[in-house]
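Examination of the molecular architecture
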Amino acid sequence: MNLKPFSLLLPALLGLSLAAQTPVPPAKGVVLPVNAAIPEDPEIQKVIAPLAAEIKATFDLPLVKAPQGLFRGRRGEENLLGYWVADAMRLAAQGAINAPVRFAITNAGGLRSNLRAGQLKVADIFELMPFENELVVVELTGAELIQVVSEGIARRGGEPCSGIIARVEGSPEKGILTVTWADGSLIDPKATVKVATSDYLYGGGDSIPTLKTGRKPFTTGITLRQLLLDQCGVLGKANQDLLPPAPGRYSIPVPIQEAIRDKKFKF
Amino acid sequence: MDRRTFLAALGATAAATQLPLQAAAEPVQGSGRITLLHTNDTHSRIEPFGPGNGAISGLGGVTRRATLIKQLRQQLGSVLLLDAGDTFQGTPYFNRYKGRLDYQLMRMMGYDAGTLGNHDFDNGVGPLVEALEAMEQLQHANAPFALLNCNYDFKGAPALAKRVRPYQVKTFPGLRVGLTGVGVAFAGLVSDKNHEGITWRDPYESLKPVVKHLREVEKVDLVVLLSHLGYNLNGTAPDDLRLPGAVAGIDAIIGGHSHTFLEAPTKVPQAQGETLVFQVGFGGVNLGRMDFAVAKGTVRAASGSALPVLA
Ligand SMILES: [Zn+2]
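Below: a short report on this structure. (Residues numbered from 1 in each chain as written. Chains lettered and ligands numbered in written order. Predicted model: local features only at pLDDT ≥ 70, side-chain atom pairs only at ≥ 80, totals over all residues. Heavy atoms only, no water.)

**Description of the overall build of chain A**
Heads up, the rule is: Segments assigned H or I by DSSP are reported as helices when at least four residues long, segments assigned E as strands when at least two residues long, and all are numbered from the N terminus. Think of it in three bands: residues with accessible area under 20% of the maximum for their type are buried, residues over 50% are exposed, and the middle band is partly exposed, with areas taken using a 1.4 Å probe on protein chains only. Any two residues whose heavy atoms approach within 4.5 Å are treated as being in contact.
When its secondary structure is counted, chain A shows 9 helices and 12 strands. Out of the 267 residues belonging to chain A, those deemed buried represent 46%. Contacts spanning at least 24 positions in sequence make up 79% of the contacts within chain A whose residues lie at least 6 apart.

**A look at the packing of aromatic side chains**
Rules: What counts as a ring pair is set by centres within 6.5 Å for rings of Phe, Tyr and Trp (its six-membered ring), and what kind of pair is set by the plane angle: stacked under 30 degrees, edge-to-face over 60, tilted for all other angles. Charge over a ring is defined by NZ of Lys or CZ of Arg lying within 6 Å of the ring centre and within 35 degrees of the ring normal.
Summed over all chains, the structure comprises 12 aromatic pairs over all chains. Ring geometry for Tyr 103 of chain B and Phe 145 of chain B: centres 5.7 Å apart, planes at 70°, overall edge-to-face. Pair noted here: Tyr 103 of chain B is in helix H4 (residues 100–109) and Phe 145 of chain B is in the loop between helix H5 (125–137) and strand E4 (146–148), with a separation of 42 residues, a long-range link. For Tyr 103 of chain B, a relative accessible area of 1% corresponds to the buried category. Under the relative-accessibility criterion, Phe 145 of chain B is labelled buried at 6%. Through a chain of ring-to-ring contacts, the aromatic side chains of Phe 88, Phe 94, Tyr 103 and Phe 145 of chain B assemble into a single cluster. A cation sits over an aromatic face here: Arg 102 of chain A above Trp 181 of chain A, 3.9 Å from the ring centre.

**What to know about the packing of helix H3 (residues 80–97) of chain A against helix H8 (residues 224–237) of chain A**
Two quantities define a packed helix pair, namely the angle between the axes and the distance from one axis to the other. All names here are of chain A. We apply this condition: In this analysis, axes come from line fits to C-alpha atoms, helices being fitted only over the stretch in contact, and the angle between any two N-to-C directions falls in the range 0 to 180 degrees. Comment on the angle field: the value is read as roughly parallel under 35 degrees, roughly antiparallel over 145, roughly perpendicular from 65 to 115, and oblique elsewhere. Three categories are distinguished: nonpolar for Ala, Val, Leu, Ile, Met, Phe, Trp, Tyr, Cys and Pro, charged for Asp, Glu, Lys and Arg, and polar for the others, with Gly belonging to the last.
Viewed as axis vectors pointing N to C, H3 and H8 meet at an angle of 90°, and their least axial separation amounts to 10 Å. Considering their axes alone, H3 and H8 lie roughly perpendicular with respect to each other. Along the contact surface, H3 presents Trp 84, Val 85, Ala 88, Met 89, Leu 91 and Ala 92, while H8 presents Leu 224, Leu 227, Leu 228, Gln 231 and Cys 232. Grouping the amino acids of the contact of H3 with H8 by side-chain chemistry returns 10 nonpolar, 1 polar and no charged.

**A look at the coordination of the zinc ion**
Residues and elements named next belong to chain B. What counts here: Shown as donors are all N, O and S atoms within 2.8 Å of a metal ion, widened to 3.2 Å for Na, K and Ca; because water is not in the atom set, sites may appear incomplete. Only four donors with every angle between 85 and 135 degrees are called tetrahedral; only four or six donors with opposite donors over 155 degrees apart and all others between 65 and 115 are called square planar or octahedral, in that order; all others are irregular.
Summarising the metal site, the zinc ion is bound by the protein donors Asp 86 (OD), Asn 118 (OD1), His 228 (NE2) and His 257 (ND1), whose distances to it range over 2.1 to 2.2 Å. Note that the zinc ion binds 4 donor atoms; their angles at the metal cover 88 to 165°, and the shape is irregular. All donors of the zinc ion come from a single chain, and their spacing in sequence reads D-x31-N-x109-H-x28-H. Here Asp 86 is found in the loop between strand E2 (79–83) and helix H3 (92–97), whereas its partner His 257 is found in the loop between strand E11 (252–255) and strand E12 (266–270), with 171 residues between them in sequence. Residue Asp 86 is classed as buried on the basis of its relative accessible area, which comes to 1%.

**What about the side chain of Thr 42 of chain B?**
Residues and elements named next belong to chain B. Along the chain, Thr 42 turns up in the loop between strand E1 (32–39) and helix H2 (62–76). By relative accessible area, Thr 42 is classed as buried at 6%. With residues up to four places along the chain from it excluded, the contact list for Thr 42 reads Arg 65, Asp 83, Asp 86, Thr 87, Gly 283 and Gly 284.

**Observations concerning the pairing of strand E10 (residues 192–198) of chain A**
Residues and elements named next belong to chain A. The following threshold applies: A pair of strands is labelled paired if DSSP reports no fewer than 2 bridges between them.
Burial runs high along E10: 5 of the 7 residues are buried. Two elements, strand E4 (residues 103–105) and E10, share 2 bridges in a ladder whose sense is parallel. The residue of E10 that forms the bridge with Ala 104 is Ala 196. Note: strand E6 (residues 134–141) against E10, 7 bridges, orientation antiparallel. In the sheet register, Val 136 faces E10, and the bridge partner there is Thr 197.

**Description of the state of the cysteines**
All names here are of chain A. We apply this condition: Here, the term disulfide refers to a pair of cysteine sulfur atoms separated by no more than 2.5 Å.
Considering all chains together, one arrives at 0 disulfides over all chains under this definition. Of the cysteine sulfurs around Cys 161, a residue in no disulfide, the closest is that of Cys 232, at 20 Å. Given the relative accessible area of 0%, Cys 161 is considered buried. Given a relative accessible area of 0%, Cys 232 falls into the buried group.

**A few points about the sheet that holds strand E12 (residues 250–251) of chain A**
Residues and elements named next belong to chain A. Read across the open sheet, the 3 strands follow the order E9-E8-E12; overall the sheet is mixed. Lying at the two open borders of the sheet, with one neighbouring strand each, are strand E9 (175–181) and E12. Sheet topology note: the strand E8 (residues 164–170)/E9 ladder contains 7 bridges and is antiparallel. Across the sheet, residue Arg 167 finds its bridge partner in E9, namely Thr 178.

If you want it as structure tokens, here you go:
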């Protein structure tokens, strides 16, 4: 099909100026997948190869000593590795927005390995955090913060967090949740609180729905992995050990823990 | 060894193998065709995505992208290679080389123009300028590419102002293409200290005089916008889907920021015809391709009479 003759005639018929030149819409726009069927460009390959090797070499660099290791915890134990990650997120968020961040929450599912006791290397942090998830700061009310904690408990027995203490009492049929700040002081339900989390959780991953309603999101551009590497680097340079945070952020009776696992628990 | 010198030296040896561009269409003014190739949100993804990344596992990688681009350039002749921003942040390559490598590779691949995404400010204005300098100083047969933006006011950041143009015109056989760019608001995305001296302005209002100038003074045949606004913000902020309704006269929007995987461009009607809005995911997983034909005597008012693109 060729419409050119028609296009040439039309302006004369309509009495329109020939001066105006208009692009004709394309027949198609397509997506070309960049896949393994395409050979590698040797020029670019030559540039990248030594840099890739350099990056790989950095993976073996020593970061910090963790004499006790940091572990996600077995059944019924608290996720101290997760607490450390949440603490580091809260600290990095405060630096990024230059204001107090009172609460941080991440998802236990995103921590892909434990940190074994001994000398940690850069590669260990990549293994722990292979994803490119990014630190985000949002605003919640105190009431919403408590709701976020309760949604994390109902789903997984409590997602790793920083800045608060949560206690569940009552029965598996009717749990009662108390959440306070880490120093035991009460959370004002009406107060506006800056909250650090990942773009994954804020985007609706791992279903903590109330987190998604967070306002004024600030995407820091810092990956969780990078802030953990930075945190280890600071300790390592200061010749300090990386130690697990103290337990006690979540206290949940065993029957309720079991009911959560069996998806039979209700607040 | 200084990394910048190292890359420059490698570029010099590579230049000898660079293939000359092919001239294609016969030079009849106002009649021609052009292919736009484009990426967005490449985020320092130098290597392909590894396993465990779902549907995009094994996809991407600049060595393959470079081959694909070379092949298409040889086939098609009139090609513009464009990027919609967020080149920085996402892999250890960015942490180590601070974006210098990313921009240098873009030049080696033959990018004609890019724009600024929010993450390109992640290390602040100084390192962004340094990355652009490293790209300019590379010894390579390809010319340095331009950064285009018309809605950031760079008054307080002269070193960056020198390196970002509001628009650019590229001439091909029988065809003039006007390029411009817009960026997303800094609030909530870029901390104040990282965009010091740069003020965001409304992209719709900033674009109107630029598009008018390109059409009426530069007499371009095609206007292409590199946008880092995002595909669909549901009316909460300016976006690519609503832009054509606010600013007529743009033929193609190459979008980014929202990491939207479109299978084909979205056709958005506007006062002077329609705008093709496209975006191809993120991380260099895909290369977008749009083909435009400009026929002599085709009139805007009759823009319903589409010419099929010769494949
Ligand atoms: Zn972006």
